[in-house]
Amino acid sequence: MRKFYFGLDLGHYEWKITILEENSNGDFIAFNQVVKNETIIKGEIIDENAFVSQLENIFSNLSESLDNYPIREVAVAVSFPQFQTHFAKGYTFPQGNIDEDDIGKAIRMAKTSIALSNQEILLEFPNKFILDNEQIIRDPKGMSAKRLDVEAIFISVFKPIVEKIRQAFKELRINVIGIYPSVFFESQIALSKREKEIGTILLDFGGSTTSLAVFQGGTLQDFKMFKFGCQNLIEDLALHLKISPEEAEEIKNQIFPLNPEGQKSEDRKKIKKGKSSLNRAAVQRFLEKKFKEYVDDEGLLDYIKELKKRRKIMGVVLVGGGAIIKPSLEWFKALLSMPTRIAKSELKVLEEKEENLKFFASVAAAHTAFKSGGDIGFFQKLKGIFKSFSG
C-alpha cells in the first residue's frame, strides 16, 4: 500500500502543502502545492469557521486526488510575528551518573523560571551543560557530577493561536504532530552538520516576516523574528505607483522572472504598467531602498551587530519565498557584511530551482511526519531528525 506524509506551511500570503511518498528504494518523491491564504492575517485567525472550511477543502481535495487516501496526520509550520525567545538556566543534583531524568529536571527548572503571559512553549533546546560549576560539555549523559547546570533556549507563541489551529484539525479528525516556526523546520534540510557547528544564520525572508535562527555547536543558539517581508515591498510598490497589490505583484514577476533567459532584451529594460511602461532599473532601486529602510527600522542590522560581538558567525543561508526575488541575496550580503548563499536542500527531493525555496518548510514538515513514528517523545524524535539530516 502506498504511504504518504503531509506537511503544511501556513504562510502570510500563501499556504504551502507538501506530500511526501517513500518509494521501494527508500527515496522520497515530493508533490508540492500552493494555496492562497484567506483566513490568517498577521498571525491571527480572522474567522475560525472559514479557517476550518479552507483546511477542509484543501485536505479533502488532497485525499480525493490520492484515491481517497485517509489523511490522519500533518506537521504544521508557521511564521507568526508573535513568537518570543527566552533564555533560562536550571540545575539539579544527580544521584549517581547523569541520565535523561537528570537532564530533564534541569531543563524543567529552567522553564519554570520563565515569566509567561498566555504563551505556550513550542520548542526547547539545551545549548550548554556545566558540571560542578566548572566543566562545560555538550552531552553530560553517563558522566558523574554533584551538580548539573543547563543553559537553554525556549521559543513560545501566543497560546490562543496554536489552540485554534489544533482545534481546527481536531474538527477534521487530523492529528497535528507539531506546530513549529517555519525556520526551525527549514533548518533540518537547509543546513549541513558543519554549518550548524561553525556558526551559521538561517534567514527566512518570508511574506510578512523575516526569521533568523542562529546555530552553533550543533544546536540552536538564538531565534529572532522581524516584522517585515517581501510582501511589504510589494505593497509599498503598489502605493508608490498608485496601483493594486495584484498589479504590483505582476510587476515584480516581470522584473524578477523565474526564467529570464526567455525574455527579449527590450523587455529587460522596461516593464508594462497598463498601457504605459516603467523603467526596470528605477523600480529595482525603489524596492532596494524600501528593503534597506525595513532592515534598519525593524532593528535587523542592530541585532546582527550585537550577535557578532557575542558569537563567531561564519555565514548566512537564505531561504523562504522572498529569496525568490533575485537581488535579495545581494541585498542581504551587502547589508549583513557576511558570506551569504541561497539554501540547498540536504533532503534530495527538491530540485535546485528558485521557486522551490518557498517549499523548504513544508517539505521538512512532511519529513517530520515521516519521522514521527514510535513511542519516544517528539522532542527526542526531533533530535534524531537533526542527526539524520546532518550526518
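Coordinates for the structure precede this section.
Caption draft 1: Up close: the packing of helix H6 (residues 230-241) against helix H8 (residues 280-297). Where H6 meets H8, the closest approach of the two axes is 10 Å, and the angle between their N-to-C directions is 125 degrees. What the angle tells us is that H6 and H8 run oblique. The handedness of the crossing between H6 and H8 comes out as right-handed. Taken together, the residues of H8 that come into contact with H6 (itself represented by Asn-232, Leu-233, Asp-236, Leu-237 and His-240) are Val-283, Phe-286, Leu-287, Lys-290, Phe-291 and Tyr-294. Here the contact of H6 with H8 is built from residues that sort into 7 nonpolar, 2 polar and 2 charged.

Caption draft 2: Structural detail: the pattern of salt bridges. In total, this model carries 18 salt bridges according to the counting rule given. A salt bridge links Lys-128 to Glu-151, with the shortest nitrogen-to-oxygen separation between them at 3.8 Å. Of this pair, Lys-128 sits in strand S8 (residues 119-131) while Glu-151 sits in strand S10 (residues 148-158), and the two are 23 residues apart along the sequence. Since its relative accessible area comes to 23%, Glu-151 is described here as partly exposed. Across the pair Glu-330 and Lys-333 runs a salt bridge whose closest N-O atoms are separated by 3.8 Å. One end of the pair is Glu-330 and the other is Lys-333, both in helix H10 (residues 328-336) and 3 residues apart, which spans about a single turn. The partly exposed category is assigned to Lys-333, whose relative accessible area is 31%. Bridged by salt links that share partners, the residues Lys-289, Lys-290 and Glu-293 form one connected network.

Caption draft 3: Quick look at the nonpolar core. In terms of nonpolar packing, the biggest core is built from 114 residues, with Phe-59, Ile-165, Phe-169 and Ile-201 touching the most fellow members. Take this core: its biggest share by element is 7 residues, from helix H11 (residues 360-371). Those residues in contact with Phe-59 that lie beyond four places of it in its chain are Leu-8, Ile-71, Val-74, Phe-169 and Ile-174. By size, the runner-up hydrophobic cluster in this structure holds 16 residues, among which are Ile-98, Ile-103, Ile-121 and Ala-152.

Caption draft 4: Summary view of the sheet that holds strand S12 (residues 200-205). Ordered in space as S14-S13-S12-S17-S18, the 5 strands form an open sheet in which the pairing is mixed. A strand with exactly one partner marks an edge of an open sheet, and here the two such strands are strand S14 (219-226) and strand S18 (340-342). Ignoring strand direction, the axes of neighbouring strands in this sheet form an average angle of 20 degrees. Judged from the 5 bridges that link them, S12 and strand S17 (residues 315-319) form a sheet pairing that is parallel. Bridge pairing links Thr-200 to Gly-315 in S17. Against the sheet, helix H4 (residues 182-190) contacts S12, strand S13 (210-216), S14, S17 and S18, and its axis sits at roughly 125 degrees relative to S12. Running at roughly 160 degrees to S18, H10 makes contact with S12, S17 and S18 of the sheet.

Caption draft 5: Main features of the packing of helix H7 (residues 245-255) against H8. Put simply, H7 and H8 touch, their axes get as near as 11 Å, and they point 110 degrees apart. Considering their axes alone, H7 and H8 lie roughly perpendicular with respect to each other. In the packing of H7 onto H8, the handedness of the crossing is left-handed. For the pair H7 and H8, contact is made by Ile-251, Gln-254 and Ile-255 and by Arg-280, Val-283 and Gln-284, respectively.

Caption draft 6: Examining unusual backbone geometry more closely. For Lys-42, which is not glycine, the phi torsion reads 50 degrees and is therefore positive. By the secondary structure assignment, Lys-42 is in the loop between strand S4 (40-41) and strand S5 (44-45). Look at Lys-42 and you get exposed, because its relative accessible area is 67%. Notably, Lys-242 is not glycine yet its phi reads approximately 60 degrees, a positive angle. Inspection of the secondary structure puts Lys-242 in the loop between H6 and H7. By relative accessible area, Lys-242 is classed as exposed at 76%.

Caption draft 7: Region of the structure containing the sheet that holds strand S3 (residues 28-36). Read from one edge of the open sheet, 5 strands run S3-S2-S1-S6-S11, paired in mixed fashion. Every interior strand has two partners, whereas the edge strands, S3 and strand S11 (175-181), have only one. Strand-to-strand twist across the sheet, computed as the mean angle between neighbouring axes with direction ignored, equals 20 degrees. Relative to strand S2 (residues 14-22), strand S1 (residues 4-10) runs antiparallel, the two sharing 7 bridges. In the sheet register, Phe-6 faces S2, and the bridge partner there is Ile-19. Sheet strands touched by helix H3 (residues 159-171): S1, strand S6 (73-78) and S11. Its angle to S11, the strand with the most contacts, is close to 155 degrees. Contacts from H4 reach S1, S6 and S11 within the one sheet, and its direction differs from that of S11 by about 90 degrees.

Caption draft 8: View of the pairing of S14. With respect to burial, S14 is a largely interior element, 7 of its 8 residues being buried. By the bridge criterion, 7 bridges tie S13 to S14 in an arrangement that is antiparallel. Directly across from Val-214, in S14, lies its bridge partner Asp-222.

Caption draft 9: Just the packing of aromatic side chains, in detail. Counted by the stated rule, this structure contains 20 aromatic pairs. Here Tyr-180 and Phe-184 contribute two aromatic rings whose centre-to-centre distance is 5.6 Å and whose plane-to-plane angle is 55 degrees, an arrangement assigned as tilted. By the burial criterion, Tyr-180 is buried, and Phe-184 matches it. An angle of 5 degrees between the planes, with centres 5.8 Å apart, marks the rings of Phe-228 and Tyr-294 as stacked. Separated by 66 residues along the polypeptide, Phe-228 in the loop between S14 and H6 and Tyr-294 in helix H8 bring together distant segments of the chain. Comparing Phe-228 with Tyr-294 shows no difference in burial state: the two are buried. Members of the aromatic cluster, connected to one another through ring pairs, are Phe-205, Phe-228, Phe-291, Tyr-294, Trp-331 and Phe-332. Between the NZ or CZ atom of Arg-147 and the centre of the ring of Tyr-91, over which it lies, the distance is 4.1 Å. One Lys or Arg, Lys-196, reaches over the ring of Phe-215 and ends 5.8 Å from the middle of that ring.

The rules behind the values
- Residues numbered from 1 in each chain as written.
- Predicted model: local features only at pLDDT ≥ 70, side-chain atom pairs only at ≥ 80, totals over all residues.
- Heavy atoms only, no water.
- Axes fitted to C-alpha atoms, helices over the stretch in contact; angles between N-to-C directions.
- Helix = DSSP H or I, 4+ residues; strand = E, 2+ residues; numbered from the N terminus.
- Parallel < 35°, antiparallel > 145°, perpendicular 65-115°, else oblique.
- Left-handed = near helix turned anticlockwise from the far one by under 90°.
- Contact = heavy atoms within 4.5 Å.
- Nonpolar A, V, L, I, M, F, W, Y, C, P; charged D, E, K, R; others polar.
- Salt bridge = Lys/Arg side-chain N within 4 Å of Asp/Glu carboxyl O.
- Buried < 20%, exposed > 50% of the residue type's maximum accessible area, 1.4 Å probe, protein only.
- Core = buried A, V, L, I, M, F, W, Y, C linked by side-chain atoms within 4.5 Å.
- Pairing = 2+ DSSP bridges.
- Phe/Tyr/Trp six-rings, centres within 6.5 Å; stacked < 30°, edge-to-face > 60°.
- Lys NZ or Arg CZ within 6 Å of the ring centre and 35° of its normal.

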